[in-house]
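A closer look at the structure
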Amino acid sequence: MASTRNTTASSRKPRTAARAASRPATTRPAEEPEVSEAEAQEIEADGNYVAADLCGEELRIIPPGAWRQSWQRLLNAGQVDAFAEQVIHPDDFDLYMELDPTNTEFGDFVGEAAERAGESLGKSRGPAPSSRNTRKR
């Protein structure tokens, strides 16, 4: 007859004082107040603007490195005004609408913002080719 195993016994090692001391105590962080997605974006972006010229006027814009992917999708879909509303400082957005820039002017504006933020908007050259010959013989 096969022996039966006691399923109520724990398979974990008993916690020794040395083992317990080696692990930091786990405490639950205080619950953070719930914030809407739009409020979270505003909080995150607050104070994270650079100034750049658009049609001779200086506007504040979030640097390109801090843009969310959802904002990029707006721009890629050609929804420039909706994109601009996300990245241009709320106090400057009405001026942006009054200026009604061309695509070239807006592109220059974004390029200047990236330059002032110390970022590059240039296209990546892609991965470097392998220095080893990869052809199978």
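Throughout what follows, the structure given in this document is the object of discussion. Keep in mind that this is a model prediction, so the values were computed, not measured.

1. Thoughts on the overall build of the chain
The helix and strand tally for the chain stands at six helices and two strands. The helix and strand sequence of the chain, counted from the amino end, reads α-α-β-β-α-α-α-α. By the burial criterion, 19% of the 137 residues in the chain qualify as buried. A separation threshold of at least 6 residues defines the contact pool for the chain, and within that pool the share at least 24 residues apart is 55%. Total accessible area on the chain stands at roughly 11500 Å², and carbon and sulfur atoms take up 46% of it.

2. Focus on the packing of helix α3 (residues 69–76) against helix α4 (residues 80–87)
Running from N to C, α3 and α4 cross one another at 150 degrees; their axes reach a closest spacing of 7 Å. As judged from the angle between their axes, α3 and α4 are roughly antiparallel. Both α3 and α4 take part in a crossing whose hand is left-handed. Contacts from Trp71, Leu74 and Leu75 of α3 reach α4 at Val80, Ala82, Phe83, Gln86 and Val87. Taken together, the residues that form the contact of α3 with α4 break down as seven nonpolar, one polar and no charged.

3. Description of α4
Every buried residue belonging to α4 is among Phe83, Ala84 and Val87, and all of these are buried. Taken around the axis of α4, the buried residues stretch over an arc of 100 degrees, which confines them to a single face.

4. A short note on the side chain of Asp92
Tracing the backbone shows Asp92 in the loop between α4 and α5 (93–99). Here Asp92 is in contact with Leu59 and Arg60, once residues within four sequence places are set aside.

5. Here we look at the nonpolar core
The biggest cluster of nonpolar side chains holds 18 residues, and the ones touching the most others in it are Ile61, Trp67, Val87, Ile88, Tyr96, Phe106 and Phe109. Listed by contribution, the elements that provide at least two residues to this core are β1 (50–54), β2 (57–61), α4, α5 and α6 (103–116). Here this core gets four residues from one element, more than from any other, and that element is α6. Apart from residues lying up to four places away in sequence, Ile88 is in contact with Tyr49, Leu59, Arg60, Ile61, Phe93, Tyr96, Phe106 and Phe109.

6. Observations regarding the pattern of salt bridges
Applying the stated criterion to the full structure yields three salt bridges. Taking the shortest distance from any N to any O, the salt bridge between Arg60 and Asp92 comes out at 3.0 Å. Here Arg60 is found in strand β2, whereas its partner Asp92 is found in the loop between α4 and α5, with 32 residues between them in sequence. We classify Arg60 as partly exposed; its relative accessible area is 32%. Overall, the relative accessible area of 10% leaves Asp92 in the buried class. With a shortest N-O distance of 2.7 Å, Glu112 and Arg116 are connected by a salt bridge. Pair noted here: Glu112 and Arg116 are both in helix α6, with a separation of four residues, about one helical turn. On the basis of relative accessible area, Arg116 is assigned to the partly exposed category, the value being 45%. Here the salt bridges share partners, and the residues they tie into one network are Glu58, Glu112 and Arg116.

Cut-offs applied
Residues numbered from 1 in each chain as written. Predicted model: local features only at pLDDT ≥ 70, side-chain atom pairs only at ≥ 80, totals over all residues. Heavy atoms only, no water. Helix = DSSP H or I, 4+ residues; strand = E, 2+ residues; numbered from the N terminus. Buried < 20%, exposed > 50% of the residue type's maximum accessible area, 1.4 Å probe, protein only. Contact = heavy atoms within 4.5 Å. Areas by Shrake-Rupley, 256 points an atom, 1.4 Å probe, with all protein chains shown as cover. Axes fitted to C-alpha atoms, helices over the stretch in contact; angles between N-to-C directions. Parallel < 35°, antiparallel > 145°, perpendicular 65-115°, else oblique. Left-handed = near helix turned anticlockwise from the far one by under 90°. Nonpolar A, V, L, I, M, F, W, Y, C, P; charged D, E, K, R; others polar. Arc of directions from axis to C-beta. Core = buried A, V, L, I, M, F, W, Y, C linked by side-chain atoms within 4.5 Å. Salt bridge = Lys/Arg side-chain N within 4 Å of Asp/Glu carboxyl O.

Distances and angles like these do not, on their own, reveal function.
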